[in-house]
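One letter stands for each residue in the lines below.
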Amino acid sequence: MREDMIQITKEMVRIPSINTTEGERHIGEYIENFLRDIPYFKKHPEQVIVQELKNDKLHRRNVLAILLGEKELNGKTLLFHGHTDTVGLEGYGALEPYACDPDELQKRLLDVELPKEVKEDLLSGDYMFGRGACDMKDGDAVFLGILRDACEHPEELSGNIVVSFNPVEENLHTGIIEATDVLLELKEKYNLTYIMGINNDYICPLFPGDQIKTIYTGMVGKLLPCFYIQGKETHVGQCYEGVDASFLAAELVHKIHLCHEYTDEYDGENSYPPSVLKMKDLKPWYNVQTAKEAFVYFNYFVHNQTVDVITKKLVAAAEEVFADVLKKTREETKWFAEANHDSTRCPEYTSRVFTYEELLKEAGKKETISEEKIKQLITDELECGCDKREAPMAVIRYLLQTVGITSPCIVLYYAPPYCPHNTIQGAQEKLRGELMQITSEISAEYGEEYRFMRFYPSLSDSSYLSMDETEQSLQSLTQNFPGFELLFPLPLENIRKLSIPAVNFGGFGKDAHKWTERVNLPYTFGVLPKLIEKTIDYYLR
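Below is a summary of the structure that appears in this document.

Cut-offs used in this document
- Residues numbered from 1 in each chain as written.
- Predicted model: local features only at pLDDT ≥ 70, side-chain atom pairs only at ≥ 80, totals over all residues.
- Heavy atoms only, no water.
- Phe/Tyr/Trp six-rings, centres within 6.5 Å; stacked < 30°, edge-to-face > 60°.
- Helix = DSSP H or I, 4+ residues; strand = E, 2+ residues; numbered from the N terminus.
- Buried < 20%, exposed > 50% of the residue type's maximum accessible area, 1.4 Å probe, protein only.
- Lys NZ or Arg CZ within 6 Å of the ring centre and 35° of its normal.
- Pairing = 2+ DSSP bridges.
- Core = buried A, V, L, I, M, F, W, Y, C linked by side-chain atoms within 4.5 Å.
- Contact = heavy atoms within 4.5 Å.
- Axes fitted to C-alpha atoms, helices over the stretch in contact; angles between N-to-C directions.
- Parallel < 35°, antiparallel > 145°, perpendicular 65-115°, else oblique.
- Left-handed = near helix turned anticlockwise from the far one by under 90°.
- Nonpolar A, V, L, I, M, F, W, Y, C, P; charged D, E, K, R; others polar.
- Disulfide = S-S within 2.5 Å.
- Expected span 1.5 Å × (residues − 1).
- Arc of directions from axis to C-beta.
- Polar contact = N/O pair within 3.5 Å; in protein donor to acceptor, adjacent residues only side chain to side chain.
- Salt bridge = Lys/Arg side-chain N within 4 Å of Asp/Glu carboxyl O.

## A closer look at the packing of aromatic side chains
Within a pair of aromatic rings, the relevant descriptors are the distance that separates the centres and the angle that separates the planes.
Right, so step 1: Inspection of the entire model under this criterion finds 11 aromatic pairs.
Right, so step 2: Both rings, one in Y216 and one in Y456, keep their centres 5.1 Å apart while their planes meet at 80°; by these two values the pair is edge-to-face. Of this pair, Y216 sits in strand β7 (residues 213–216) while Y456 is found in the loop between β18 (450–453) and α14 (471–479), placing the two residues 240 residues apart along the sequence.
Right, so step 3: A ring pair is formed by F481 and F484, whose centres lie 4.9 Å apart and whose planes are at 80°; its orientation type is edge-to-face. Pair check on accessibility: F481 and F484 agree, each one buried.
Right, so step 4: Taken together, the ring pairs connect F295, Y297 and Y413 into an aromatic cluster.
Right, so step 5: Sitting over the ring of Y523, K213 keeps its end group 5.0 Å from the ring centre.

## Considerations on the sheet that holds strand β21 (residues 518–520)
Sheet strands associate in pairs through backbone hydrogen bonding, adopting either a parallel or an antiparallel arrangement.
Right, so step 1: The strand order across the open sheet built from 3 strands is β4-β21-β20, with neighbouring strands paired in antiparallel fashion. Strands with a single pairing partner mark the edges of an open sheet, and in this sheet they are β4 (127–129) and β20 (509–510).
Right, so step 2: Note: β4 against β21, 3 bridges, orientation antiparallel. Looking across to β21, one finds that Y127 is bridged to N520.

## Focus on the nonpolar core
Right, so step 1: Counting 170 residues, the largest nonpolar core has L35, F80, I161 and F227 as the members making the most contacts within it.
Right, so step 2: Apart from residues lying up to four places away in sequence, F227 is in contact with L252, I256, A294, F295, V296, F298, L314, A318, I410, V411 and L412.

## Some remarks on the packing of helix α10 (residues 356–364) against helix α12 (residues 393–403)
Right, so step 1: The interhelical angle for the contact between α10 and α12, taken along N-to-C directions, is 40°, at an axis separation of 9 Å. Compared by their axis directions, α10 and α12 come out oblique. Relative to α12, α10 is oriented so that their crossing is left-handed. Where α10 abuts α12, its residues Y356, L359, L360, E362 and A363 lie against V395, I396, L399, L400, T402 and V403.
Right, so step 2: Split into classes, the residues belonging to the contact of α10 with α12 amount to 9 nonpolar, 1 polar and 1 charged.

## Some words on unusual backbone geometry
Right, so step 1: Residue M136 is bonded to the preceding D135 through a cis peptide linkage, with omega at -10°.
Right, so step 2: Positionally, M136 belongs in the loop between β4 and α6 (137–151).
Right, so step 3: Following P416, the chain continues into P417 via a peptide bond in cis, with omega recorded as 0°.
Right, so step 4: By the secondary structure assignment, P417 is in the loop between β16 (409–414) and β17 (422–423).

## Things to note about the state of the cysteines
Right, so step 1: Tallying each qualifying case throughout the model produces 0 disulfides.
Right, so step 2: Considering cysteine sulfurs only, C386 is the nearest to C226, which forms no disulfide, with 11 Å between them.
Right, so step 3: Free of any disulfide, C259 has its nearest neighbouring cysteine sulfur in C226, separated by 19 Å.
Right, so step 4: Looking at C259, the relative accessible area reads 15%, which means it is buried.

## Description of helix α8 (residues 245–256)
Right, so step 1: The end-to-end C-alpha distance of α8 is 17 Å, a good match for the 16 Å that 12 residues give at a rise of 1.5 Å each.
Right, so step 2: Within α8, burial applies to A245, L248, A249, L252, V253, K255 and I256. The buried side chains of α8 occupy one side of the element, clustering within an arc of 165° when seen end-on.
Right, so step 3: Buried residues along α8 sit against β10 (225–230), β13 (275–281), β14 (293–302), α9 (307–340) and β16.

## Brief notes about the environment of R14
Right, so step 1: Inspection of the secondary structure assignment puts R14 in the loop between α1 (3–13) and α2 (23–36).
Right, so step 2: Relative accessible area serves as the criterion here: at 37%, R14 is assigned to the partly exposed category.
Right, so step 3: Here the alpha-carbon distance between R14 and A99, two residues 85 residues apart in the chain, equals 8.7 Å.
Right, so step 4: Apart from residues no more than four positions distant in its own chain, R14 is found in contact with Q7, C100, D101, P102 and D103.

## Digging into the side chain of N520
Right, so step 1: One can find N520 in strand β21.
Right, so step 2: One polar contact links N520 to Y127, side chain to side chain, over a distance of 3.4 Å.
Right, so step 3: Here the side chain of N520 touches Y523 through a polar contact of 2.9 Å, landing on its backbone nitrogen.
Right, so step 4: Those residues in contact with N520 that sit more than four places away from it in its chain are D126, Y127, F508 and G509.

## Here we look at the environment of T478
Right, so step 1: Here T478 shows up in helix α14.
Right, so step 2: Through-space distance from the C-alpha of T478 to that of Y413 is 9.7 Å; in sequence the pair is 65 residues apart.
Right, so step 3: Only 3.2 Å separates the side chain of T478 from the backbone oxygen of Q475, close enough to count as a polar contact.

## Some points on the packing of α2 against α6
Right, so step 1: The interhelical angle for the contact between α2 and α6, taken along N-to-C directions, is 15°, at an axis separation of 11 Å. If you check the angle between α2 and α6, you find them roughly parallel. Two packed elements cross with a definite hand, and for α2 against α6 that hand is right-handed. Every residue of α6 that contacts α2 at I27, I31, F34 and L35 is listed here: K137, L144, L147 and R148.
Right, so step 2: Among the residues forming the contact of α2 with α6, the class breakdown is 6 nonpolar, no polar and 2 charged.

## A word on the environment of G509
Right, so step 1: Within the secondary structure layout, G509 lies in strand β20.
Right, so step 2: Exposure remark for G509: the relative accessible area of 0% places this residue in the buried category.
Right, so step 3: Once the C-alpha coordinates of G509 and D138 are considered, the two residues, 371 residues apart in sequence, prove to be 9.6 Å apart.
Right, so step 4: Ignoring sequence-local partners within four residues, the contact set of G509 consists of C134, I203, C204, P205, R518, V519 and N520.

## Notes on the pattern of salt bridges
Right, so step 1: Evaluation of the coordinates by the stated rule reveals 42 salt bridges.
Right, so step 2: A salt bridge links R131 to E517; the shortest N-O distance between them is 2.5 Å. Here E517 lies in the loop between β20 and β21 and R131 lies in the loop between β4 and α6, a separation of 386 residues in the sequence. Pair check on accessibility: R131 and E517 agree, each one buried.
Right, so step 3: K514 is the partner of D511 in a salt bridge, and the nearest nitrogen-oxygen pair spans 3.8 Å.
Right, so step 4: When its relative accessible area of 48% is taken as the criterion, K514 is described as partly exposed.
Right, so step 5: It is possible to trace a salt-bridge network through shared partners that takes in R2, D4, R148, D149, K530 and E533.

Take a look at the structure:
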């Protein structure tokens, strides 16, 4: 095993680079210092590029570097990239003070009641525990060690290596999105041809007992469909006279959450189904009035479906839910009236579901709705501390008021983050075959077994290196995404120009984002470096 890479991992884990904290800046400073300490970059300091994120109060930065091969000057380039932030420490409980100290955490875990598999892994000595050890400071450490090795003999390279280390992956992917500017500048300055972008984000068993390592030749996409729900409030003493927005929200979750009807299949691979990420009513305080407004949004994975098709499916789901809620309300009102021998009735409503695009067009018939007006409404919300997912509701309320809709309705819109989907296909299939050849050599030498899949199933910065989205699909997204340029200014032109095939190798570990997060040492620091070295040999030597 590469002990230097293990040590680098421990040093980075000891820097708590939790997303949206100053630790994200500190980990960038560590990586910059590491790179500048390499003799090659002391000789070529301009080839280490530090890009501070725009308008970032934490002064987080992307850290990139380029090693120019000297054996034969050409544009062939491998990009190695990884994220430097982690999720929080909340799950560690009493162990939180040791969550970022792998050695001390290892000792403390010996006295903790653990699940059988976790205990076995701990006692085996084959795993390093700690926040970020698996996701993904191990992968960053491997890249740093590999780059330092390659810098010792640039004369052996017939091509180039670019590394990019980026913060803010765990929520909005701001780091890699802004880094596309630098990647494009390097491409144009040195006339680079990016062969592929290799991410080292974690890989894990796909099911209990799985020891096969997975190479992903593409990235799952992600949409965040949001449903704003306007009901009809009423006193609980006249509960049949209204339409409870919370009831509609709950039924939407029941309809969509974990439902296979909303998965996406491509080349035999099925995406994970949607998962609800937030559901709430919008009552600001307690009273005995039913909820007039509610809000719910989902994580929606995409392999190949277009946004317009997905939008139609989600609208149909909302329409079905709305009709069922109204039907149930009528049935329950009828039962109550018969049971009490009175003439209790509920109002007659029809199900009304709009996309944001449709509502905007309806409002436009009443008055001119400028993009500046929309941006101002969202900006006002953001300045009051409103979440980016919820800020567009101010626009929707305004549009509903403009149209004069006061009856119950549901409005579907999209919010950040949006992750493009991509996979190696068509003319790029040759690349996939070459990677299969490289891994077969590793299998023969080290006994590892590999499988190839087209979509990395966890959200990844690699989504922003290339995109398979059609123009029609993108148009459907942006037209239903209030304040797209303000809330999620995606450099679509950069992504199109880069169009870098995205691959994930990854350190092997378990329980990412859990307090039992751990990385397997023999594979990650023994076999993975050999896999990357063979890849460099194949393309650049």
